[in-house]
Amino acid sequence: GNHAHIFAGDVEHPCRLWPLVIGPTAGGMKGTSWAAVRRVIDGASRESPIPMDSGLSSAEGLIEAVLDTHGVPGDTDYREGVADKRLIIVESEFASVLARGKREGNPLAQTMRDAWDGSQLSTIVRRMNRLIATGHHIVVIGHITAVELRTKLADSDVAGGSMNRFLTVCSRRSKRLPGGGGAPEEVVDKLAHELRDRVMESQAFGRIGRDEEAEQLWHEGYELLTPDVLVEGHYAAVVARAVPQVLRLALTYALLDVHQGKVEIRAEHLRAAMAVWEYAQASAWYVFGDLVANVDLARLCEAVDKAAGQSLTRTEIISGVFSNNKSAAAISELIRQAVATGGFEMSSESGKPGRPASRLTKVTEILPNTPEGVHEINEVDEETPMADRVTSSHSFSSYTGDQNVGGSPPSQDNQICPCCGGFKNPWRRVCPNCEDLPHAAREHVGIVPTLQPQASQSRTQ
């Protein structure tokens, strides 16, 4: 429900999370994951079952599922509303939802965005029997393959903000259980009982705040959630709603962790939320990273490689490589990423009249400070696609605190890891370079999350 919430600016955010589970058709276990969770939900809501449905096809159909009562009984425009405004929509074929949203005149995508926001849902085009829904609490769970998501996703879905309402979650089977492997009934009953208690307790809460430690942690990590520059493209758009997503996750953890009738967001709730968000980012990068950020980065690296003297000025990059279609900030980010690979260096041409020109040059030998095993681009097999030659950095690294990539690292001395010399992430108590995080494989030159082993074999460290 919408009772317990946290504020971000002037916007209320309740525990409304929309997971988009991405995995292969046979081995993604998407449906299996939902079946396990549904057993707990059904057990926790026996006295007041949560309405569940599927088949999102139109804005009107979605609104009617949580419709307000309108008019007076007996009048021609009377519409009987829905008492229970909670709704879980499970779309096992989310690709079809994306396809329906593309149809001309179908405002489904906009209505879904309003549902995530908690705004009023309405059909303004209808003069008679207009549909209106308020006070709703809708959750959409989508299942899709990575290939379908790449091919079915329209630019309008990305630009309009439909995709950044979802938490992208890559999924694959971790084991084979011919005997079934379902959760024991006693485990499900215990979880359902605890969840039911927490849900009932949460009805008494309104606005939830952070304790002193969590407030300090939030201020330290806020800049990492709001980087000034992200390489333009699908990945950047999908992870653009980091702040509200992390807040909603932290609030959910806090409400599940009520102690003696008191609830507040503590530091451990923020760290847990951030760990989930890191996984969502890694998943988004796995799906969209090579298609977006690496394309521009590879384009830049290839242009420098083919240029006379294997060097280009910033002006030549802006006008010659990207035809003045990139902002100055985006160009700076791409140059920084190229330098972070270890294969390029940036210099200023002094000694000439006028403003010194910045120049990006290919490194022809291994740099002294380059991590062991990092080689120049020339040593890569020429048949390897350029997008696979370049290990790119991106916003995911901003959250993990790598010193070579991402946002500006913390400047405090106590943020330096004594083991590897890297910068610690203020969200975590240990250095991400030294911590064993099973959800993402990190390569020190540009942190590239890898969710399938074969995905990293073609990459050059």
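From a predicted model like this one, the values you see are computed outputs, not experimental measurements. (Residues numbered from 1 in each chain as written. Predicted model: local features only at pLDDT ≥ 70, side-chain atom pairs only at ≥ 80, totals over all residues. Heavy atoms only, no water.)

(A) Expanded view of the pattern of salt bridges. Across all of its chains, the model carries 14 salt bridges by this definition. A salt bridge links aspartate 42 to arginine 38; its shortest N-O distance comes to 3.4 Å. Taken together, the positions of aspartate 42 and arginine 38, both in helix α1 (residues 30-44) and 4 residues apart, correspond to about one turn of that helix. The exposure class assigned to arginine 38 is partly exposed, which follows from its relative accessible area of 36%. (Salt bridge = Lys/Arg side-chain N within 4 Å of Asp/Glu carboxyl O. Helix = DSSP H or I, 4+ residues; strand = E, 2+ residues; numbered from the N terminus. Buried < 20%, exposed > 50% of the residue type's maximum accessible area, 1.4 Å probe, protein only.)

(B) Up close: the side chain of lysine 30. Here lysine 30 lies in helix α1. No salt bridge forms around the buried lysine 30; measuring N to O, its nearest opposite-charge neighbour glutamate 148 is 6.8 Å away. Of note is the side chain of lysine 30, whose polar atom sits 3.0 Å from the backbone oxygen of glycine 23. If we ignore the near neighbours within four places in the chain, the residues touching lysine 30 are Val21, Ile22, Gly23, Pro24, Thr25, His143 and Ile144. (Lys, Arg positive; Asp, Glu negative; His and termini not counted. Polar contact = N/O pair within 3.5 Å; in protein donor to acceptor, adjacent residues only side chain to side chain. Contact = heavy atoms within 4.5 Å.)

(C) Main features of the environment of isoleucine 6. The topology assignment puts isoleucine 6 in strand β1 (residues 6-8). Its relative accessible area of 3% is what places isoleucine 6 among the buried residues. On a C-alpha basis, the gap between isoleucine 6 and leucine 247 in space is 7.2 Å, while along the polypeptide they are 241 residues apart. Leave out the neighbours within four places in its chain, and isoleucine 6 touches Val11, Glu12, His13, Ile208, Arg210, Leu247, Leu251 and Ile265.

(D) View of unusual backbone geometry. Notably, glutamine 310 is not glycine yet its phi reads approximately 50°, a positive angle. With respect to the helices, strands and loops of the structure, glutamine 310 is situated in the loop between α12 (293-306) and β10 (311-313). By relative accessible area, which is 21% here, glutamine 310 ends up partly exposed. Of note, the phi angle at serine 323 is positive, near 50°, even though the residue is not glycine. As for its placement among the helices and strands, serine 323 is situated in the loop between α13 (314-321) and α14 (328-340). Relative accessible area serves as the criterion here: at 40%, serine 323 is assigned to the partly exposed category.

(E) Structural view of the packing of helix α10 (residues 242-255) against helix α11 (residues 267-288). Packing of α10 against α11 leaves a shortest axis separation of 8 Å and a crossing angle of 130°. Relative to α11, α10 is oriented oblique. Two packed elements cross with a definite hand, and for α10 against α11 that hand is right-handed. Across from Ala242, Gln245, Val246, Leu249, Ala250, Tyr253 and Ala254 in α10, the residues of α11 making contact are His269, Leu270, Ala272, Ala273, Met274, Val276 and Trp277. (Axes fitted to C-alpha atoms, helices over the stretch in contact; angles between N-to-C directions. Parallel < 35°, antiparallel > 145°, perpendicular 65-115°, else oblique. Left-handed = near helix turned anticlockwise from the far one by under 90°.)

(F) Examining α1 more closely. A rise of 1.5 Å per residue sets the reference length of α1, with its 15 residues, at 21 Å; its end C-alpha atoms lie 22 Å apart and thus fit the reference within 8%. Along α1, the residues classified as buried are Lys30, Trp34, Val40, Ile41, Gly43 and Ala44. In this fold, the buried residues of α1 make contact with β3 (18-22), β4 (52-53), β5 (86-91), β8 (137-144) and α7 (185-202). (Expected span 1.5 Å × (residues − 1).)

(G) How the structure looks around the packing of aromatic side chains. One pass over the full model with this rule turns up 4 aromatic pairs. Relative to tryptophan 285, the ring of tyrosine 235 has its centre 4.9 Å away and its plane inclined at 85°; by these criteria the two rings are edge-to-face. Residue tyrosine 235 is located in helix α9 (residues 234-238), and its partner tryptophan 285 is located in helix α11; the two are separated by 50 residues in the primary sequence. For tyrosine 235, a relative accessible area of 3% corresponds to the buried category. (Phe/Tyr/Trp six-rings, centres within 6.5 Å; stacked < 30°, edge-to-face > 60°.)

(H) Structural detail: the nonpolar core. The biggest cluster of nonpolar side chains holds 73 residues, and the ones touching the most others in it are Phe94, Met112, Ile138, Val140, Leu149 and Trp277. Counting residues in hydrophobic clusters, the runner-up holds 15 residues, among them Leu312, Ile317, Ile331 and Ile335. (Core = buried A, V, L, I, M, F, W, Y, C linked by side-chain atoms within 4.5 Å.)

(I) Spotlight on helix α4 (residues 108-117). Burial of α4 is extensive: 7 of the 10 residues sit out of reach of the surface. For α4, every residue scored as buried is listed here: Leu108, Ala109, Thr111, Met112, Arg113, Ala115 and Trp116. Just downstream of α4 lies glycine 118, where phi reads positive at about 85°.

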